[in-house]
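# Fold and contact review
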Amino acid sequence: MSNITLHTLTSLKQKGRKFSVLTAYDATFAHLVSSAGIEMILVGDSLGMVLQGHDSTLPVTLEDMIYHTAAVARGNQGSMIMADLPFMSYATVEQCMQSAGKLMQSGAHLVKLEGSAWLAESISLLSERGIPVCAHLGLTPQAVNRLGGYRVQGKDHAAAQQMIEDARLLEEAGASLLLLECVPTLLAEEITRNVDIPVIGIGAGPHTDAQVLVLHDMLNITTGRKPRFTRNFMANADSIETAIRRYDEAVKDGSFPNQDESF
Ligand code: KIV
Ligand code: NA
């Protein structure tokens with residue numbers, strides 16, 4: 001696979017074609033995921049849960065993210081690498097610039113941060129300095145304590161309108177991608193239509209431009225409660241590689257997620 005760039009993803013959106021994203025946190029899985037044709041690898045701060053055994057993403061440090069981003073970069077075979085800025089590593093504009101710079105120097109091609117309108121200034125400064133940004137809206141797990149749990153966001157009219165406005169504002173500020181987590185299918189569809197930048201969804205229905213899952217969830221090796229929006233792609237697959245390819249196909253032909261896997 002030739003190297004995927006932002007230009008690749010934007011032109012896929014323009015052609016109405018979907019792309020796939022999966023998390024990976026080390027070189028071996030990065031190699032598997034990118035070799036299977038997944039356009040983007042997310043070095044997610046979900047590693048706090050699936051690798052470190054914490055019950056939230058809050059304990060993850062910038063040093064942890066640097067370590068895993070560098071490992072993923074060594075195994076990567078041409079996918080885009082997106083790295084999460086962890087909790088409180090972008091609380092101020094200055095912190096944000098420093099933290100994002102370190103992730104880029106570790107091998108990320110873009111960074112993701114969680115929030116809404118308050119991120120506009122940081123996003124435009126990062127973008128001006130050559131760092132593409134994905135803005136993560138909806139359920140933002142770093143804010144789980146304020147949100148009062150891992151719940152679907154944007155359910156009432158006011159909250160939905162606010163999310164539509166935030167999406168437009170962050171696109172205008174210079175975001176290159178949006179990610180919507182746990183939002184109703186119709187709201188995600190409207191936001192996807194309303195912005196020119198590609199929108200990645202998780203628990204956001206089938207109408208976003210791309211889908212993302214946590215690797216351990218789709219391989220069905222996550223311990224504890226399984227979120228509604230994941231699917232076990234290891235079912236009837238004889239290898240991890242086959243499972244990843246089936247996920248990629250299901251995203252691209254629109255058969256994942258189905259209604260039961262959406263809100
Ligand atoms: O950290 C992560 O894996 C994520 C995805 C769930 C979107 O942010
Ligand atoms: Na994350």
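Residues numbered from 1 in each chain as written. Chains lettered and ligands numbered in written order. Predicted model: local features only at pLDDT ≥ 70, side-chain atom pairs only at ≥ 80, totals over all residues. Heavy atoms only, no water.

## So, the overall build of the chain
To keep it simple, the criterion reads: Secondary structure elements are defined from DSSP: runs of H or I of at least 4 residues count as helices, runs of E of at least 2 residues count as strands, and each element is numbered from the N terminus. Think of it in three bands: residues with accessible area under 20% of the maximum for their type are buried, residues over 50% are exposed, and the middle band is partly exposed, with areas taken using a 1.4 Å probe on protein chains only. By definition, residues are in contact when any of their heavy atoms lie within 4.5 Å. Only four residue types enter the tally: Lys and Arg on the positive side, Asp and Glu on the negative side, with His and both chain ends excluded. By convention, charge coordinates are those of NZ in Lys, CZ in Arg, CG in Asp, or CD in Glu.
Within the chain one finds eleven helices and eight strands. Overall, the C-alpha framework of the chain stretches about 45 × 40 × 40 Å when taken along its three principal axes. Every one of the 263 residues in the chain was classed for burial, and the buried ones make up 56%. By sequence separation, contacts in the chain at least 24 residues apart represent 63% of the contacts at least 6 residues apart. Averaging the coordinates of the 20 positive side-chain charges in the chain and doing the same for the 29 negative ones gives two points 4 Å apart.

## Here we look at the site of ligand 1
Rules: Any residue with a heavy atom lying within 4 Å of a molecule or strand is counted as near it. We call two N or O atoms a polar contact when they sit within 3.5 Å, provided that within protein one can donate a hydrogen and the other can accept it, with sequence-adjacent residues counted only if both atoms are side-chain atoms. Here a cavity denotes grid points, spaced 1 Å and computed from the protein atoms alone, that fit a 1.4 Å probe unable to get out, and a pocket denotes an open set having protein on both sides within 12 Å along at least 5 of 7 lines; residues with an atom within 4 Å of a point are the lining. Each molecule is checked against the cavity or pocket grid, and it sits inside if more than half of its atoms lie within 2 Å of the grid points.
Taken together, T23, L42, G44, D45, S46, D84, K112, H136, L179, I202 and V214 are the residues near ligand 1. Between an oxygen atom of ligand 1 and a side-chain N or O atom of D84, the distance comes to 3.1 Å. K112 places a side-chain nitrogen or oxygen 2.8 Å from an oxygen atom of ligand 1. More than half of the atoms of ligand 1 fall within 2 Å of the grid points belonging to the largest pocket.

## Points about the UniProt feature "active site" (unreviewed entry) in the chain
Counted only if it meets this: UniProt positions are given in the numbering used here, feature names are shortened, and annotations may be inferred rather than shown by experiment.
The residues that UniProt annotates with the feature "active site" (unreviewed entry) are E181. Inspection of the secondary structure assignment puts E181 in strand β6 (residues 177–181). When its relative accessible area of 12% is taken as the criterion, E181 is described as buried. When neighbours within four sequence positions are excluded, E181 is seen to be in contact with H136, L137, G138, L139, P141 and I202.

## What about the coordination of the sodium ion (ligand 2)?
Note the following rule: For Na, K and Ca the donor cutoff is 3.2 Å, while for all other metals N, O and S atoms must lie within 2.8 Å; water is not among the atoms, so some sites may look incomplete.
On the protein side, the sodium ion (ligand 2) has D45 (OD) and D84 (OD) as donor atoms, found 2.3 Å from it. Separated by 39 residues along the polypeptide, D45 in the loop between β2 (40–43) and α3 (47–50) and D84 in strand β3 (residues 80–84) bring together distant segments of the chain. Like D45, the residue D84 is buried in the burial classification.

## Examining unusual backbone geometry
Looking along the chain, the bond that leaves F256 and enters P257 is cis, with omega of 0°. Residue position: P257 is located in the segment after α11 (240–252). One non-glycine residue, C182, lies in the positive phi region at around 50°. Mapped onto the secondary structure, C182 falls in the loop between β6 and α9 (185–194). With relative accessibility at 5%, the residue C182 sits in the buried group. The backbone phi angle of N236 is positive, close to 65°, even though this residue is not glycine. Overall, the relative accessible area of 74% leaves N236 in the exposed class.

## Digging into the pattern of salt bridges
Cut-off, in case you're wondering: Salt bridges are defined as contacts in which a side-chain nitrogen from Lys or Arg sits within 4 Å of a carboxyl oxygen from Asp or Glu.
Scanning the entire structure with this criterion turns up seven salt bridges. Note that K252 and E39 form a salt bridge whose closest N and O atoms lie 2.9 Å from each other. Taken as a pair, K252 in helix α11 and E39 in the loop between α2 (27–35) and β2 lie far apart in primary sequence, 213 residues in all. As a salt-bridge pair, R129 and E128 come within 3.8 Å of each other at their nearest N and O atoms. Each of E39, D248 and K252 takes part in a single network of salt bridges with overlapping partners.

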